[in-house]
Amino acid sequence: MALDEEYADIDWNNLGYGIIKTDYIYKAKCTPNNTFEQGEVSDYGNIELSPAAGVLNYGQGIFEGTKAFRGENGRILLFRPDQNAIRMQIGADRMCMQSPSFKQFVDAVKQAVIANKRWTFAHWKWAHIGCVSCCSREYTFLVYASPVGNYFKEGTKPLNLYVNTESHRATRGGTGGVKSITNYAPVLKAISSAKEQGFSDVVYLDSAHKKYIEEASCSNIFLVKGNVISTPATIGTILEGITRKSIIDIARDLGYKVEERLVAVDELLEADEIFTTGTAVSVATVGSVTYNDQRVEYKTGDELVSQKLYKTLVGIQVGKIEDKFNWVVEIKQRS
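What comes next concerns the included structure.

Cut-offs applied
Residues numbered from 1 in each chain as written. Predicted model: local features only at pLDDT ≥ 70, side-chain atom pairs only at ≥ 80, totals over all residues. Heavy atoms only, no water. Core = buried A, V, L, I, M, F, W, Y, C linked by side-chain atoms within 4.5 Å. Buried < 20%, exposed > 50% of the residue type's maximum accessible area, 1.4 Å probe, protein only. Helix = DSSP H or I, 4+ residues; strand = E, 2+ residues; numbered from the N terminus. Salt bridge = Lys/Arg side-chain N within 4 Å of Asp/Glu carboxyl O.

1. Quick notes on the nonpolar core
So, point 1. Membership of the largest hydrophobic core comes to 23 residues, with the highest contact counts inside it found for Phe105, Val113 and Phe141.
So, point 2. Those elements that place two or more of their residues in this core are strand S1 (24–29), strand S3 (61–70), strand S4 (76–79), helix H2 (81–94), helix H3 (102–115) and strand S6 (138–143).
So, point 3. If one sorts the elements of this core by residue count, H3 sits on top with 6 residues.
So, point 4. Leu161, Leu205, Leu268 and Val289 belong to the second largest nonpolar core, which has 21 residues in total.

Shown next, in the form of structure tokens:
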């Protein structure tokens, strides 16, 4: 696709994975009767917060992330925004917050996408953030957009993962199963330490037994052994990723047996193949896992199960493969 005046003037081939300021942001506030007013799109810019806001003082905030894709003939496609809406409502309930309705959420995403459509070339990601101020009981729902490239600096190369036996991402009874902002800062030290040693990301174990894998810092994890694909069950400490859920359905449709269960860390060392999934990473092949100073390498290449799943997922997302699951939502653009 050739760049023209319809697209923003940026280096689309070297985006990286950060925030690029776009044109507009969607904002809606919660009214005194605990319902969100009709929001509106306004110029992208900073927001005002009370210094006593709960999001600043207590970490009372949730967010969602999803992607929009540019399909054939310039179509703009969303991937399962209904699942983000549902997950935000679950997270808001866990964090004692109000959340926009299902319809408000999806409509807000569509408005933000259309307003920023010149930033949609290959695909972009935007996050939906809900915040609460404990003083005024005021909630603000925001939708902003940013074009992104590959999440990992390695690009599409196989990842090198490190199993951390000391730090834990979540505990039973906590907020690991929802997209609370409090889940992310505590693992930054573990990630930083791993990257200093040359690893791509960290795999965390359960905090109770320290023997079952849970997830990586930003993605769910899968093991392949023969025709069986296994992934840790989401039992409150693991985020139920939308990409995870989609890959499970695609894998079963392709004839694989998928198990959601407790997965012992020793099984990582015996797997034929490892991969991770998430909105940011899509489907990422793992080249090696290091656990207790033992490094295990896995086969890589285009014939992997993960590559077959990745190509099917992306094909559906961009409209090149039949969407038999009815996951893709096309945004109708006004002429």
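Okay, back to it.
2. Some points on the pattern of salt bridges
Side-chain pairs of opposite charge can arise where the charged atoms are in close proximity.
So, point 1. In this structure the tally under the stated criterion is 17 salt bridges.
So, point 2. A salt bridge links Glu330 to Arg75, with the nearest nitrogen and oxygen atoms 3.4 Å apart. Here Glu330 is found in strand S17 (residues 328–331), whereas its partner Arg75 is found in the loop between S3 and S4, with 255 residues between them in sequence.
So, point 3. Judged by relative accessible area, which is 28%, Arg75 ranks as partly exposed.
So, point 4. What you see here is one network of salt bridges that share partners, running through Lys257, Glu259, Arg261 and Glu267.

3. Re unusual backbone geometry
So, point 1. Positive phi is not limited to glycine here, since Asn34 has a value of about 65°.
So, point 2. Relative to the elements of secondary structure, Asn34 occurs in the loop between S1 and strand S2 (40–43).

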